[in-house]
Every structure is written in structure tokens, then in C-alpha cells.
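# Observations on the three-dimensional arrangement
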Amino acid sequence: MGIYLAQTWRYTTLADHRDLYATIDAIPLGEVKWESFLCLYTGEKPEGSYPPWMDGTFDVWYQDPHQVDTISKDPDTIGATFVPVILGSDKITVSVGTGNNEYYLLYLSIGNVHNNVQRAHQNTVAVIGFLAMPKSE
């Protein structure tokens, strides 16, 4: 998928968002199926108020990591590097000039960074989105 995008974007200028979506939709999905499971918090809840995620049920989607073996045997991927992408989100409240609005920062990192570098946050995490959650009354 990354090679396809690199080749497409190298020679193509995207005209607008429809062109971007068409390019994304044209990417072949491959043979690795997406799997999912539900998870929920089952521990003790503190008395009084507690975070709403303790009551929620969450979908976790993933692809079988053992498929790397299949990718490594494909002659079209010889010399390529497998780079897993890690996305994360974190809530932050900004009070100055915003009226205590909540925002969710969207982070991106790659999954093949050595462990001691990743733990030290040595430029391995980049903020790629700043999602505002406006208050409604």
C-alpha cells in the first residue's frame, strides 16, 4: 500500500479532496483480513464520579501480525522495509482563550523504532491532528 501511494503521489498532483478519496479507494486491499474484538473495563469503579470510558464498550480492529511472513516472501517486496504505523489520541483541555474547550491530539509514530529510543520520546512521536470537541448546551 505504501509503495502504491508513493508511486501515485510522486507522479500525480491531487486536484481536490474528491481526487484524494478516489486515490485512496483505488488502493488494493490485499489478502490480509481485518479482525476485531470488543473490550470493556471490568475492574472496580471508584465511588462517586469516574471516567465515562469505564462504562463503555470499545471495538479493537487489527490485522494478523504473522502476515509479515507472507509479505516477506512476496518477490515484489524484496528490499522493502516493513514499517508499522502507530496512532494514538490523548485528551487535553485548553483554558486560555478557549473557555476550557476539550481537544484530542492525534499522534503518529512508527513501530520499528528501537525500544530505548521510543520510551525516551526522542522525536519518535509527531502530532498530526488537533481535533476540537466543542461544548454543547
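Here the structure is shown first, and the text comes after it.
Residues numbered from 1 in each chain as written. Predicted model: local features only at pLDDT ≥ 70, side-chain atom pairs only at ≥ 80, totals over all residues. Heavy atoms only, no water.

Attention now moves to the overall build of the protein. In terms of regular secondary structure, the protein is built from four helices and five strands. For the protein, the succession of helices and strands along the chain, N to C, is α-α-β-β-α-β-β-α-β. Taking all 137 residues of the protein together, 8% fall into the buried category. For the protein, contacts bridging at least 24 residues in sequence account for 35% of all contacts bridging at least 6. On the protein, roughly 11,600 Å² of surface is accessible, and the fraction owed to carbon and sulfur atoms is 57%. (Helix = DSSP H or I, 4+ residues; strand = E, 2+ residues; numbered from the N terminus. Buried < 20%, exposed > 50% of the residue type's maximum accessible area, 1.4 Å probe, protein only. Contact = heavy atoms within 4.5 Å. Areas by Shrake-Rupley, 256 points an atom, 1.4 Å probe, with all protein chains shown as cover.)

Before going further, it helps to examine the pattern of salt bridges. Going through the model one piece at a time under the given rule, you end up with two salt bridges. Its salt-bridge partner being Lys45, residue Asp55 comes within 2.7 Å of it at the nearest N-O pair. Linking Asp55 in the loop between β1 (34-40) and β2 (57-63) with Lys45 in the loop between β1 and β2, this pair joins segments that are ten residues apart in sequence. For Asp55, a relative accessible area of 48% gives the class partly exposed. Take Lys45: its relative accessible area is 38%, and that puts it in the partly exposed class. (Salt bridge = Lys/Arg side-chain N within 4 Å of Asp/Glu carboxyl O.)

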